[in-house]
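Below, each chain spelled out in residue letters.
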There are 2 protein chains.
Amino acid sequence: MIESINNERIKKYAKLDQKKYRNLEGMFIVEGEHLVEEARKRGLIIEIFSTVPYEDATLVSEAVMTKLSHLTTPPKILAVVKILDSKEIKGNLLILDGIQDPGNLGTIIRSAVAFGIDTIILSNDTVDLYNTKTIRSSEGMIFNINFIKTDLNSFIDKIKNDYLILTTNVKDGKNIKDISINKPYAIIMGNEGNGVKEALASLSNDTIYIPMSKSCESLNVAIATSIILYELYQNK
Amino acid sequence: MIESINNERIKKYAKLDQKKYRNLEGMFIVEGEHLVEEARKRGLIIEIFSTVPYEDATLVSEAVMTKLSHLTTPPKILAVVKILDSKEIKGNLLILDGIQDPGNLGTIIRSAVAFGIDTIILSNDTVDLYNTKTIRSSEGMIFNINFIKTDLNSFIDKIKNDYLILTTNVKDGKNIKDISINKPYAIIMGNEGNGVKEALASLSNDTIYIPMSKSCESLNVAIATSIILYELYQNK
């Protein structure tokens, strides 16, 4: 049992609350039994820590758990896990251009899994995938989808012949219900405040909008993304 | 100019960060010019405070602004406003049964305005409408919709002859695309963890589900609500 927060391993893992150390070590922390077991299914576990006897977990004191946890109410169990490998793309894509809110990113990931997206492409300025809030609001769905973090301009340039590339445009877009899909699609969604960057938007083959009441200017980005993914998923 | 955080009016308004005082005084605080102006349009302003000269605002020091603000970065301008009056219902309804997360509630309000809901009915155990996070994530849309906070069972009993009452049911529900609407509708949506309470669900005329991939168990409640509202809004 590890009782001291000065244990070398604990000190090292406690630093994983910072993005810099997550990238450096190639590890992140997932909290709670559900996420630990999801990570285990994918063979990503480095070490499990628990304040109560739990399978192959290392027993730790409450103080150590509090030190490792990023939550105000620490869980009974958490795990240090390997960051995810990127796989080849092979189906419909969601391209996220600078999403800033970790809760929005997590919610979008959950919806993307629900609506048949194979891979999420994250711009380099998107909020960190391994942020605790992102992981929590994804409800474990980060383990059910492929991620690629890259420069979006060169990525879209590479895929443009094989994909129908769509983005939103409130002024000139087509009603999302009227889009016809005849090949794999890639949806570009933009930042909370500013939308999709102009240079990226100009790379799309077509633009779409979600019809809505004039009383409301815009939807939350996670909502807009989910409605578009939902509609295209039904469209198949 | 008010410079002291011990000013009696400031001390009183600073307590509006607590739900108890908001209810007692019938007031709440909105932060930032956009929300202040939305409140003004509806004639709800009690007093505006600003750290820079601004129309009819009372000038205050940064310290006073920090005392009044609920944000970590206080705005330049905020207002104390009257809580909203409930009006008669007259169109489609959204009934929320025990939503707990203020961000979810705010996002749902924004989508409800976008998709033609006239009134949102809040159960007595729903998170407070005047919570700062709710107001912020609604993007000012709390001023564009009618709210009624009440006991849901007796409310639904009163409207059941005039409304098509729908709720979600993953097992036996109809595909949301296959619902036909021939009168005003009322959608009951449930709590983040537990869904709609059984006693309420049994009062619905029909149940619906959102088709999705088996890889994902469920959607975030704000997402599910928005997709249903979107779909029914297009259905008209």
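Here the structure is a predicted model, which is why all the values come from computation and not from measurement. (Residues numbered from 1 in each chain as written. Chains lettered and ligands numbered in written order. Predicted model: local features only at pLDDT ≥ 70, side-chain atom pairs only at ≥ 80, totals over all residues. Heavy atoms only, no water.)

*Asks:* I would appreciate a short explanation of a positive patch on the surface in the present structure.
*Replies:* Where like charges cluster on the molecular surface, the positive patch consists of K133 and R136 of chain A together with K133 and R136 of chain B. Among the secondary structure elements, those contributing two or more residues to the positive patch are α6 (132–137) of chain A together with α6 (132–137) of chain B. Among the structural elements, R136 of chain B can be located in helix α6. (Patch = residues over 30% accessible without salt bridge, like charges linked within 9 Å, V, L, I, M, F, W, Y side chains within 5 Å. Areas by Shrake-Rupley, 256 points an atom, 1.4 Å probe, with all protein chains shown as cover. Salt bridge = Lys/Arg side-chain N within 4 Å of Asp/Glu carboxyl O. Lys, Arg positive; Asp, Glu negative; His and termini not counted. Charge placed at Lys NZ, Arg CZ, Asp CG, Glu CD. Helix = DSSP H or I, 4+ residues; strand = E, 2+ residues; numbered from the N terminus.)

*Asks:* Whenever I open this one, the domain arrangement of chain A confuses me. Can you help?
*Replies:* Accessible area lost upon the coming together of the parts is a frequently used measure of interface size. All names here are of chain A. One can read the domain layout of chain A as domain 1 (8–82) and domain 2 (93–235). Placing the centre of domain 1 and that of domain 2 at their C-alpha centroids yields a distance of 30 Å. For the pairing of domain 1 and domain 2, the buried interface totals around 1100 Å² over both sides, and the portion due to carbon and sulfur atoms is 64%. Interface area lost by domain 1 to domain 2 is led by R22, F28 and L35, which between them contribute 39%. One can count one salt bridge joining domain 1 with domain 2. Across the pair D128 and R22 runs a salt bridge, and its minimum N-O distance is 2.7 Å. Viewed at the interface, domain 2 and domain 1 are joined by four residue pairs in polar contact (both at pLDDT 80 or more). Looking at the side of domain 1 that touches domain 2, the elements that each hand over two or more residues are α2 (19–25), β1 (27–31) and α3 (33–41). Residues of the side of domain 1 that touches domain 2, tallied by class, amount to seven nonpolar, two polar and five charged. (Domains from an automatic or database assignment. Buried area = accessible area lost by both parts, 1.4 Å probe. Polar contact = N/O pair within 3.5 Å; in protein donor to acceptor, adjacent residues only side chain to side chain. Nonpolar A, V, L, I, M, F, W, Y, C, P; charged D, E, K, R; others polar.)

*Asks:* Can you help me understand the sheet that holds strand β6 (residues 119–122) of chain B in this one?
*Replies:* Sheet strands pair via backbone hydrogen bonds, and the direction of the pair is either parallel or antiparallel. Residues and elements named next belong to chain B. Here we have seven strands laid out as an open sheet, ordered β7-β6-β5-β10-β8-β11-β9, and parallel in their pairing. Looking at the sheet topology across the chains shown, the edges are occupied by β7 (146–149) and β9 (174–175). Where β9 lies against strand β11 (residues 206–209), two bridges are found, and the strand directions are parallel. Paired with N175 across the two strands is Y209, which belongs to β11. Packing against the sheet, helix α7 (residues 152–159) makes contact with β5 (93–97), β6, β8 (164–168) and β10 (185–190), and its axis sits at approximately 155° to β5. In the packing of helix α9 (residues 221–235) onto the sheet, the strands contacted are β5, β8, β10 and β11, and the crossing angle to β10 comes to about 165°. (Pairing = 2+ DSSP bridges. Contact = heavy atoms within 4.5 Å. Axes fitted to C-alpha atoms, helices over the stretch in contact; angles between N-to-C directions.)

*Asks:* Honestly, the confidence of the model for chain A in this entry has me stumped. Any pointers?
*Replies:* Detail in the predicted coordinates should be disregarded across regions flagged by low pLDDT. Taken as a whole, chain A shows an average pLDDT of 94; of its residues, 100% reach a score of 70 or greater. As a predicted assembly, this complex carries a pTM of 0.94 together with an ipTM value of 0.93. (pLDDT = per-residue confidence, 0-100.)

*Asks:* What is the right way to read the relation of the copies chain B and chain A from this model?
*Replies:* Between the two chain copies there is a screw-like relation: a rotation about an axis and a shift along it. Take chain B, turn it by 180°, move it 0.0 Å along the axis, and it overlays chain A with an RMSD of 0.0 Å. Such a turn and shift between the copies fits a two-fold axis. A symmetric contact is evident, with 100% of the interface residues of chain B recurring at the interface of chain A. (Least-squares fit on C-alpha atoms with pLDDT ≥ 70 in both.)

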